[in-house]
Amino acid sequence: MTYTPTDYNPYDFANRRHIGPTPEEMAQMLDALGCDSLDQLIDQTIPADLRQPDALTWAPLSEGELLAKLRAVGEKNRVMTSLIGQGYYGTVTPPAILRNIFENPAWYTAYTPYQPEIAQGRLEALLNFQTMVADLTGLPVANASLLDESTACAEAMVMAQRVARSKAAAFFVDENCHPQNIAVMQTRAAPLGIEIIVGAPETLQPDQVFGAIFQYPGTYGDLRDFTPQIAALHDAKALAIMATDLLALTMIREPGHLGADIAVGSAQRFGVPMGYGGPHAAFMSCRDDYKRAMPGRIVGVSIDARGNRAYRLSLQTREQHIRREKATSNVCTAQALLAVMASMYAVFHGPKGLRAIAERVHFRTQRLYHALRAAGARVVVKDFFDTITVDVGVGQAGILAAARQEGLNLRKIGTTHVGISLDETTDERVLISVLRVFGIEGVPPHRAQLGFDDAFLRQSGYLDHPIFHMNRAETEMMRYMRRLSDRDLALDRAMIPLGSCTMKLNAAAEMIPLSWPEFSSLHPFCPPDQAQGYAQAISDLKTKLCEITGYDAMSMQPNSGAQGEYAGLLTIQAYHRARGQGHRDICLIPVSAHGTNPASAQMCGMKVVVVKSSANGDVDLDDFREKAAKAGDRLAACMITYPSTHGVFEQTVREVCQITHDHGGQVYIDGANLNAMVGLVKPGEIGGDVSHLNLHKTFAIPHGGGGPGMGPIGVKAHLAPFLPGHPETGGAEGPVSAAPYGSASILLISWAYCLMMGGAGLTQATRVAILNANYIAARLRGAYDILFMGNKGRVAHECIIDTRPFAKAGITVDDIAKRLIDNGFHAPTMSWPVSGTLMVEPTESETKAEIDRFITALLAIREEIRAVEDGTIDADNNPLKHAPHTVEDLVADWDRPYSRETGCFPPASFRGDKYWPPVGRVDNVFGDRNLVCTCPPVESYLDAAE
């Protein structure tokens, strides 16, 4: 007998691990669609003239091969002891936090907490973060994190302009701010017409500015008393901002005590690895008067339907999705996962532990300071916390080289100085090595003497809330983190079918290398020869992304999708200026565009002109042509999303691009929906000049409960010279992020994803994403209206369900979303891009069984709506209006006209493994009227409930 070996390859990552449906299940789904093959479905979905002619080229790696390759690449990075400072520090991630948060899919696969009932765990952790920041900075209101310290400085500058009573147009920047902070503020200020004045604090002229920012401690280590400058600013009706360091604030006077209006900084050194630049959680806090002008997200406290305490995102009217071109910031995300880590670091150590860490860092710095001075070194700081600067004259190169021989990186400052910043990882051996660099032998004597004047010493308490005083036995910490994660619904429990957000598999093999020291321990400004592994990974990822998109160059700097939009538009503006066409300032944006698009254009100083949509949801070509002609030689760009935000491959995209080009404009194609294009359509070959790529969507970086993200931009060759630069690496244009490669460490995830999938696997993933979405649309058609479809009756990778017809029965899109929670699902994207709709995106990595369970849930909900429509159940007292149902509902007195089983165990829910939301429906109105943004005492909730 001839034996026929199986052709099943268990190491085929794309088809056995990443793509959900099996070939047999795909055949069943195609049968439901009336298609003979997946090729036929794709032909019906994507216009033939848009399809790319060539397949993606590279072969896949197995998981084992990938990890071996990453080990080899990581070995090309040289991990040194970093004493560079400049906003980035060595830190110790407590192993309990590393395993239970950073490496735990219950935390890193969660989505932004827009559905608060199923996000109570991470909302509590983020409230802890806000409380930590507010306490340490001495300002009462903090947000739930921003992208990095430099962009936080820029956000604070624009916020100050918005709320200051001064009418001045200039902004003062302390010359002692970190160079990257200054550079990003200059980038942000230019298109807004803000004049940046960089100088010594003594040169500040308060009546000439609407605000000023001071670095505290300064970039070279100096501690200065800014109270005179702050008082003078207030007299001139201007605002004072302080960029500060949370660890230092456990010992030195807090910004609020000094009179600051806004404080910003990075929480990186609270247990978050440097990672060659990120991701890290920045922070912002402010006086209570300005809380409604604060960018980003604020977690607040409200009550649920039974009066129980419940957390939620507050003040969401500030978000750019609502304000669009009137927005003052395009921030739509945060660094939630990293903010959770930093908050847990504070819970883990408590105020005494943080103070002890700070004291160890400070006293070692003070010992080093005295030892250097005793040996005749010219130390140029007087009052300091953890950083000193030494004037070494012409010996700078020799000192830096000697340091590298000792395994140390010192900071090069100018041509005659070096900086030395210590951190919690600094031990006696490091001190001895530093002294040896300066030709000093021996151990510096132990001291417990302050390295700053007593006037700087903090007098106030901080972290008084009981959560920061819990028993720190690891058993208790482990249980606390587990309790919080159990309150949430993340991708490790169920499908999260969010349109445009692409909540796909984040494979464990892609995540593992982020914890390796070879990648996590590098400072973003270390010498390039020490980061050759990163250089190889980033270069190869750029090459693959260029092949995927049809663009010629990539910038990996933007550390969010919104930052990518902003960077892309700045690149277009720089191109126009270089050609003597700086007057081009009009940006055409369809009404269906992502909310960040008009906000980003406004931030670039562009005038937004909105283009209508036609009845089928496409861009109204006549309106577009008319407005492009009217703009004439002022047309700078158009911003379109492809496939459209309505989930359709529009036939006219090439014509839209051509009209724009005919009028001298550039085409920005938003990459939010690239998950429907990879391997099938290249945006750079259908008319796009620039696109940002949401790596946290299409390329498998997890959303982390609201961040991190990466939004690199691809450009055609003519735009490449105008990509963002950076003070550490050069480039003609200014930076948009703090580090040259943004949140560099998470680029490894997307690189690993591309390597394991291979070109053919990525293409198949796109095809199956389209299959899954069309399968859902077909199964739901008849029960629900599918709002937009292509001319052959197909959707792209997402579909929009119209729930507006149910309004006459009193059922809202909110009711359906909350009822899905009872079924164990996160709701799809609500009311966007059309109010009263649900945008569903299953992605390619969901199995047919999970998709069928979701369909079962929606069909059962439709029958419940029908019962309301028919009058067989009360319009105000039904399972939809009471959703979501909690355990408390299950055990409480029951006076509802439907059974407990109907309410708590709808058809799609799991019986034995049911997800129970910890709170009932959250009262948003109560939360906004009674804004509480830090951890309040437990007693305060009792009054609220009554």
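For the structure, check the block above.
For every chain, the first residue of the written sequence is number 1, and numbering continues from 1 onward in sequence order. The predicted origin of the model limits local features to residues at a pLDDT of at least 70 and limits the giving and counting of side-chain atom pairs to 80 or more, whereas totals for whole chains, interfaces and linings rest on all residues. Here the side-chain values reflect all heavy atoms present in the structure, with hydrogen atoms and water set aside.

### Here we look at the overall build of the protein
Moving on, step 1. Secondary structure follows DSSP: runs of H or I at least 4 residues long count as helices, runs of E at least 2 residues long count as strands, and numbering of each begins at the N terminus. For the protein, the count of helices and strands is 31 helices and 26 strands.
Moving on, step 2. Each of the three principal axes of the protein carries a C-alpha extent, and together these read 85 × 75 × 65 Å.
Moving on, step 3. Summary of the burial criterion: residues with accessible area below 20% of their type's maximum are buried, those above 50% are exposed, and those between are partly exposed, where the area comes from a 1.4 Å probe applied to protein chains only. Here the protein holds 946 residues, and the buried ones make up 65% of them.
Moving on, step 4. The contact criterion used is simple: two residues touch if any of their non-hydrogen atoms lie within 4.5 Å. Here the analysis covers contacts within the protein between residues at least 6 apart in sequence; of these, 77% occur between residues at least 24 apart.
Moving on, step 5. In the structure as shown, the protein presents an accessible area of about 32,000 Å², 50% of it carried by carbon and sulfur atoms.
Moving on, step 6. With 85 positive and 104 negative side-chain charges, the protein shows a separation of 2 Å between the mean positions of the two kinds. The method behind every accessible area is Shrake-Rupley, applied with a 1.4 Å probe, and residues are considered shielded solely by the protein chains displayed. Charged residues are defined narrowly, with Lys and Arg counted positive, Asp and Glu counted negative, and His plus the chain ends left uncounted. Charged side chains are reduced to one point each, which is NZ for Lys, CZ for Arg, CG for Asp and CD for Glu.

### Focus: the environment of V690
Moving on, step 1. Locating V690 in the fold gives a position in strand β21 (residues 690–692).
Moving on, step 2. Aside from chain neighbours lying at most four places away, what touches V690 is Y551, G568, I572, V667, Y668, I669, I713, G714, V715 and L719.

### Details of empty space enclosed by the protein
Moving on, step 1. Grid points spaced at 1 Å and placed over the protein atoms alone form the basis of the search, with a cavity being a set where a 1.4 Å probe fits but cannot get out and a pocket an open set showing protein on both sides within 12 Å along at least five of seven lines. Lining residues have an atom within 4 Å of a point. Grid points are joined across faces, edges and corners, and a volume is the space filled by probe spheres set on the points. According to the stated counting rule, one finds eleven cavities of 30 Å³ or more in the structure shown.
Moving on, step 2. Roughly 180 Å³ of internal volume is contained in the largest cavity.
Moving on, step 3. Around the largest cavity sit 19 residues that line it, and G87, Y89, H178, D245 and R269 are the ones nearest its centre.
Moving on, step 4. Along the walls of the second largest cavity sit 17 residues, with F102, P279, L514, S745 and I746 positioned nearest its centre.
Moving on, step 5. Note on residue categories: nonpolar means Ala, Val, Leu, Ile, Met, Phe, Trp, Tyr, Cys or Pro, charged means Asp, Glu, Lys or Arg, and polar means any other residue, Gly included. A class-by-class count of the residues in the lining of the second largest cavity yields 13 nonpolar, four polar and no charged.

### Considerations on the pairing of strand β17 (residues 586–590)
Where a strand is regular, its side chains alternate between the two sheet faces.
Moving on, step 1. Of all the five residues making up β17, five are buried; the element is thus mostly covered by neighbouring parts of the structure.
Moving on, step 2. Burial along β17 is two-sided: the face carrying I586, L588 and P590 and the face carrying C587 and I589 are both buried.
Moving on, step 3. By this definition, two strands are paired if DSSP reports at least two bridges between them. Direction of pairing for β17 relative to strand β18 (residues 607–611): parallel, over a ladder of five bridges. Within β18, the residue paired with I589 across the bridge is V610.
Moving on, step 4. On the question of chirality, the crossover connecting β17 to the parallel β18 by way of helix α21 (residues 596–603) is right-handed.
Moving on, step 5. Pairing of β17 with strand β19 (residues 635–641) involves three bridges; the strand directions are parallel. Among the inter-strand pairings, I586 is bridged to a residue of β19, identified as L635. Seen with the strands pointing away from the viewer, any crossover whose path from the first strand over the helix to the second strand runs clockwise is right-handed.

### Notes on the nonpolar core
Moving on, step 1. Joining through side-chain atoms within 4.5 Å is the link that ties buried Ala, Val, Leu, Ile, Met, Phe, Trp, Tyr and Cys residues into a set, and such a set is a nonpolar core. Formed by 226 residues in total, the largest nonpolar core has its most connected members in M132, L372, I420 and F438.
Moving on, step 2. At 20 residues, helix α24 (residues 747–780) tops the list of elements feeding residues into this core.
Moving on, step 3. Aside from chain neighbours lying at most four places away, what touches L372 is A377, V379, I388, V390, I420, L435, F438 and I440.
Moving on, step 4. Among the nonpolar cores identified, the runner-up in size contains 37 residues, and C177, V184, I241 and V264 belong to it.

### Comments concerning the packing of helix α8 (residues 149–163) against helix α9 (residues 179–189)
Helix-helix packing is described using two parameters, namely the angle between the two axes and the distance between the axes.
Moving on, step 1. Between α8 and α9, the shortest axis-to-axis distance is 8 Å and the interhelical angle comes to 45°. With respect to each other, α8 and α9 are oriented oblique. In the crossing of α8 with α9, the sense of the turn from one axis to the other is right-handed. Where α8 approaches α9, its residues E149, S150, T151, C153, A154, E155, M157 and V158 are matched on the opposing element by Q180, N181, V184, M185, R188 and A189.
Moving on, step 2. Partitioned by chemical class, the residues of the contact of α8 with α9 number seven nonpolar, four polar and three charged. With axes taken as lines fitted to C-alpha atoms, and helix axes fitted only over the stretch in contact, angles between N-to-C directions fall between 0 and 180 degrees. Note on angle classes: values under 35 degrees are labelled roughly parallel, values over 145 roughly antiparallel, values of 65 to 115 roughly perpendicular, and the remainder oblique. It is the rotation of the near helix from the far one that decides the hand of a crossing: anticlockwise by less than a right angle makes it left-handed, clockwise makes it right-handed.

### Some words on unusual backbone geometry
Moving on, step 1. Cis geometry is found at the peptide bond from Y216 to P217, where omega equals -5°.
Moving on, step 2. Among the structural elements, P217 can be located in the loop between β5 (209–216) and α10 (227–235).
Moving on, step 3. Cis geometry is found at the peptide bond from A883 to P884, where omega equals 0°.
Moving on, step 4. Tracing the chain through its elements places P884 in the loop between α27 (879–882) and α28 (887–891).
Moving on, step 5. Non-glycine residue Q86 carries a positive phi angle of around 60°.
Moving on, step 6. Inspection of the secondary structure puts Q86 in the loop between β1 (81–82) and α5 (95–102).
Moving on, step 7. Q86 gets classed as buried once you look at its relative accessible area, which sits at 4%.
Moving on, step 8. One non-glycine residue with positive phi stands out, namely L463, at about 55°.
Moving on, step 9. By the secondary structure assignment, L463 is in the loop between α15 (428–437) and α16 (474–486).

### Comments concerning the sheet that holds strand β14 (residues 411–413)
Moving on, step 1. Strand order across the open sheet formed by four strands is β11-β12-β15-β14, with antiparallel pairing between neighbours. Each edge of the open sheet carries a strand with a single partner, namely β11 (378–379) and β14.
Moving on, step 2. Pairing analysis gives two bridges linking β11 to strand β12 (residues 387–391), with the strands arranged antiparallel. Bridging from a neighbouring strand, V379 pairs with V390 of β12.
Moving on, step 3. Along the sheet, helix α13 (residues 336–374) contacts β11, β12 and β15 (417–421); its crossing angle with β12, the most-contacted strand, is approximately 15°.

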